[in-house]
Amino acid sequence: MQITQDLLQALPKHIVIHGDEMTRPFECDGLSMYRQKPLAVVLAENIDQIKTVIELCKIHNTPIVTRGAGTGLAGGALPLENSVVLGLSKLNKIKAVDPEARTAVVEPGVRNIAISEAVAQHNLYYAPDPSSQIACTIGGNVAENSGGVHCLKYGLTVHNVISINMLTIDGEEVTLHRDDDGIGLLALMNGSEGLLGIITEVTVKLTPKPERVQLVMAGFDDVRVCADTVSNIIKAGIIPAGLEMMDQFAIGAAEDFTHAGYPRDAKALLLCELDGDEQSVEQELTKLLALFSTASTVKVATTEQERLTLWQGRKSAFPSVGRLSPDYYCMDGTIPRHYLADVLEKITHFSAHYKLRVANVFHAGDGNLHPLILYDASVDGDIEKAEALGTEILKLCVDVGGSITGEHGVGIEKLNAMCHQFTADELDVFHQIKDAFDYSGLLNPGKAIPTLHRCAELGSMHVHNNELPHPELERF
Amino acid sequence: MQTKLPKALANTAHGKKAADILSSCVHCGFCLATCPTYQLTGNELDSPRGRIYLIKSALEDNQFSPSSIKHLDRCLTCRSCETTCPSGVKYSELVGIGRELIENKRPIWQKVARYGLRQFLSKPALVNLTKPFTQHSAIQSPVIERLATKGRVLLLTGCVQPTLTPNTNHTTKNVLTTLGYQVEQTSQQSCCGALDHHTSASTTALIKIKDNLDKWLALIESGLEMIISTASGCGVMVKDYPTLFETDDAYYQKAITISKHTKDIAEFLVEQDLSSLPKKKVKIAYHAPCTLQHGQKLPNLVEGLLTKLGYELTPITDSHLCCGSAGTYSIFEPSTSKQLRDNKVENLTQSQPELIVTSNIGCQLHISKGTGIPVKHWIELLDCSAALMEV
Amino acid sequence: MNIEQIQQQVLQAKPLQIIGNNSQLNTHFANTLNMSVYSGIVGYQSEELVMTVKAGTTIAYIENILAQSDQVLPFAVENKQSTTIGGAYAIGSPELRDAVLGVKVIDGKGRILNFGGKVMKNVAGYDVSRLLVGSKGQLVAVCEISFRVLPKAYAIPSSTRASIEPSQSEAKQQIKQNLKNVFDPNGIFI
């Protein structure tokens, strides 16, 4: 292809990857269900090279898919047909740290955890911590507005980014700042999934390490009691730094990998982390332990090592479940917290109906569910069943007032579900917003926002407010 | 990850194993973070996930050109990715399969170079000739002799260790003798097979390995308590013998028995009463070899042992990363190897240690080329006879 | 007043200035859309830490309701008695933007649109509900706002500071102009 020749001519050879054999490992990201080989992959080493890629892609009318570490779970970095993948993993320098102002300026390919490691000496850290934080990049975090286990208290990526530099489709450098007067362009860029611009630099907010961090694990014999405890914790005026729930299936899987000491016979488990100054943590701990009186096991982490081991089980839970099944499909719906027990019960029913196992590992404090649907792609019809089950779960989330994605993004995976959450008019606005930034439609086109045509064909256009699916569930 | 191997391959033992390993990978990408080569290049193709994909493609479509070989050769087989992988992907076994696959496709000059190196290193007579130029350190204390009060153990002396760092085996013998063990030694000829295995000469490796298995099994049957390795590279090879045989092979069970009877010297000592051993006040930096922490899955073992013995260990940044030695890697991939060594030396010397110690001869020799600080096997710290002489 | 009545006003409008309680902006135009009559709490469950209110509700009223559950707003607003939440949203501040979870708006074509939601985490679609914070009533008529609230113990020390524009560029101005055309192509909202 001409574009590949032009890229090879304009850029150093070692950063342009082309040909079937070499581009194949880039054909998918963390969601390997969907695959598409790009024409070429460019691993840019500086901003000028990115500009060159944009320029050449515009000349050849070739879509650009920006990629960080390729850990996304919604196919946001899935290459498009005849596209060029722009990899930013080589841009991995931490450019500046200002311990006084509590900020760090980093290139987009810097790994999430590398920021925290670099600023640890100043007793600071970068708060958002997606499970893939050891590998995922900050550019990808901004593109997906990544969450993590600690965003109940410390917010999502959008709350922890102070400014970004981005390149427009015309190769113009634009700085967007949190304190900009007028509309929130920076907020808009968070979670825009590579459709609006290419992020070239991120200034993040750093958070002081709390004086004390206290993790408590509680196992419950009953899922409903566990779910209700989640609401009771918030009701009691506590905002834990993290509040995670796992069901029995997930507990077993995580325990097999980490040997963290999770109670295998518990039906559900909570990991609740308190942080702050010594006194407030102690007060909240007393309150929390009282709320955990309904638990069958309670374990208060006594050492930092114990705390990390307990967290490791949770953070490795997804891939650990992968040991139990050839394939799994990870959902990411959010619901108002007080529906937790009802929704989990419904998911159990769906699981029985479709005869597919579902493991639940999720951010209970945010009402952000991660049902993992286990299936075997080599069994005929299993993929379709898994997708149907997933759709049911996401519809349920929307129906109780939640969302089809809390932190993984829409990517390619949830395009159909978007039709359920938004009206044609709303989707029209989204498409126009893309046009406002990218009139050429070359930045990751087709991701994140479904075409109206697709939704119409799907026939599952947004359910209007006057219809109430699942009338058995109590509402506001 | 969904994998579709061609029928002919899918039905072979190799194919089944590969398909199993590939399906356990969920493509999460966690392994990118701890892969030393990905950290240097930022290229998916130089990451475990990328290499798994290259091997997958090769198995599915038989598409494998020198470009793929380049990226596979760049893998250190440090197995850091295995430690990080939450899905339990047996990466090194898959890479083993991949390496066999590429061997036929290698350019002829590469084949010759590899053959030559293999022949040289595994022939003690040849290696010994180089002693005047290559010896790293000499024996530094007298031999201890004492009547055995405990069992018999077999010390794996290694093929190059007796020539280049003889003091390691010597001290180990002294320590074990002091503790009351009767120490037997393998001959310098009986290599563990790692060298051949890692340069893709699996047939040669298997002949040596079968020979070892028969000899050592006879010793165990006659009451040998344990096989002890002082080079974690050899240790991991012996412990992994079972992965080299099909389960219905007669040697599979033998390999399991030998694997169970093999311990790294630290693993063996940690269960012993070490109060009779000397303690010296030196500030040391310990380099954990990949073959020990990732391969044998024994992280923090030596660190714990040395701390217990009273040594002050300096904290090491990125202690999970490879030093770049990685068997014959330093010979075939010199530039990556050197870059990794420079990074490693910087991290090891950050807190100005008086001494750097490690658990594997490969790392020891490689690191010492990059620093003026002496690099030893940690067991040399416990030289009882030296301590006796001091008193 | 209900939302359909507001929609009618927008549909029939010549250029229209949106006002709340008239506390912040000077009105220079005859045609105004008075949102202060569209007020009240739409939904509030303290354990969710989320409140949904109509745009004309005053900050003082909201704070009063929150206080009954020992909760507070996570952003500071001046002139609480007269300032409406819609007005505060239109003026905007980084902290207010952080707290916003979702909005119901009427765009310049008179379409009723929902963006964001009532949950803490939601990355479906572009983050329009945070984009429009600070839009000065010039892009859409904001009708309902959902935002995060905090237990009193977690109250953030209040501060109001003037917005700055650390960097300006032509490209940025162009994007802003394009977005104005997305939401209000006929220039209804001034």
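This is a predicted model, so every value here is computed, not measured. (Residues numbered from 1 in each chain as written. Chains lettered and ligands numbered in written order. Predicted model: local features only at pLDDT ≥ 70, side-chain atom pairs only at ≥ 80, totals over all residues. Heavy atoms only, no water.)

**Points about the overall build of chain B**
The number of helices and strands found in chain B is 23 helices and eight strands. For 391 residues, the compact-globule formula gives about 21 Å, and the C-alpha radius of gyration of chain B, at 21 Å, lands near that figure. With the principal axes as the frame, chain B shows a C-alpha extent of 70 × 50 × 40 Å. Out of the 391 residues in chain B, the part that is buried amounts to 58%. Carbon together with sulfur atoms contributes 56% to the accessible area of chain B, which is approximately 15600 Å² in total. (Helix = DSSP H or I, 4+ residues; strand = E, 2+ residues; numbered from the N terminus. Rg over C-alpha atoms; globule rule 2.2 N^0.38 Å. Buried < 20%, exposed > 50% of the residue type's maximum accessible area, 1.4 Å probe, protein only. Areas by Shrake-Rupley, 256 points an atom, 1.4 Å probe, with all protein chains shown as cover.)

**Some details on the pairing of strand E5 (residues 94-98) of chain A**
In summary, the side chains of a regular strand alternate between the two faces of the sheet. Residues and elements named next belong to chain A. Sheet topology places E5 next to strand E6 (residues 103-106); four bridges connect them, and they run antiparallel. For Asp-98, the partnering residue across the bridge sits in E6 and is Thr-103. In sequence, E5 turns back onto E6 through a hairpin of four residues, with Arg-102 there showing a positive phi of about 55°. (Pairing = 2+ DSSP bridges.)

**Digging into the interface of chain C and chain A**
At the interface, 53 residues of chain C touch 71 residues of chain A. Summing both partners gives a buried area of about 5400 Å² for chain C against chain A, and 59% of it is carried by carbon and sulfur. On the chain C side of the contact with chain A, Lys121(C), Val123(C) and Tyr126(C) bury the most area, a combined 18% of that side's loss. Our count for the contact surface shared by chain C and chain A stands at 24 residue pairs in polar contact (both at pLDDT 80 or more). Per element, the largest residue contribution to the side of chain C that touches chain A is nine residues, and it comes from helix H6 (residues 170-183) of chain C. Class assignment of the residues belonging to the side of chain C that touches chain A gives a composition of 24 nonpolar, 11 polar and 18 charged. (Contact = heavy atoms within 4.5 Å. Buried area = accessible area lost by both parts, 1.4 Å probe. Polar contact = N/O pair within 3.5 Å; in protein donor to acceptor, adjacent residues only side chain to side chain. Nonpolar A, V, L, I, M, F, W, Y, C, P; charged D, E, K, R; others polar.)

**With respect to the side chain of Arg314(A)**
All names here are of chain A. Position of Arg-314 relative to the elements: it lies in helix H11 (residues 304-315). You can call Arg-314 buried: its relative accessible area is 0%. What Arg-314 contacts, discounting residues up to four positions off in sequence, is Ser-131, Val-149, Glu-244, Met-246, Tyr-262, Leu-271, Val-361, Phe-362, His-363 and His-370.

**Observations concerning unusual backbone geometry**
Phi at Lys355(A) is positive, roughly 55°, even though this residue is not glycine. With respect to the helices and strands, Lys355(A) occurs in the loop between helix H13 (340-354) and strand E17 (358-362). For Lys355(A), a relative accessible area of 69% translates into the label exposed. With a phi angle near 55°, Thr77(B) is a residue other than glycine that sits in the positive phi range. With respect to the secondary-structure elements, Thr77(B) resides in the loop between helix H5 (66-73) and helix H6 (80-84).

**What to know about the interface of chain B and chain A**
Listed as interface residues are 36 residues of chain B and, on the opposing side, 37 residues of chain A. Note on chain B versus chain A: buried area summed over both sides is about 2900 Å², and carbon and sulfur give 54% of it. Looking at the side of chain B facing chain A, the largest losses of area belong to Phe30(B), Tyr53(B) and Pro86(B), adding up to 20% of the total buried there. For the pair chain B and chain A, the interface holds three salt bridges. Residue Arg24(A) pairs with Asp61(B) through a salt bridge whose shortest N-O separation is 2.6 Å. Where chain B meets chain A, there are 13 residue pairs in polar contact (both at pLDDT 80 or more). Within the residue set of the side of chain B that touches chain A, elements represented by two or more residues are helix H3 (36-41), helix H4 (48-61) and H5 of chain B. No other element matches H4(B), which puts eight residues into the side of chain B that touches chain A. (Salt bridge = Lys/Arg side-chain N within 4 Å of Asp/Glu carboxyl O.)

**Quick word on the nonpolar core**
Ile164(A), Met245(A), Phe292(A), Ile433(A), Phe437(A), Leu179(C) and Phe183(C) are the most contacted members of the largest nonpolar core, which has 136 residues in total. Counting only domains with at least three residues in this core, you end up with domain 1 (3-152) and domain 2 (156-188) of chain C. Once residues lying within four places of it in the same chain are set aside, the contact partners of Leu179(C) are Ile183(A), Leu185(A), Ile433(A), Ala436(A), Phe437(A), Leu131(C) and Leu139(C). One finds Cys192(B), Ile220(B), Tyr251(B) and Ile258(B) within the second-largest nonpolar core, a separate group that totals 32 residues. (Core = buried A, V, L, I, M, F, W, Y, C linked by side-chain atoms within 4.5 Å. Domains from an automatic or database assignment.)

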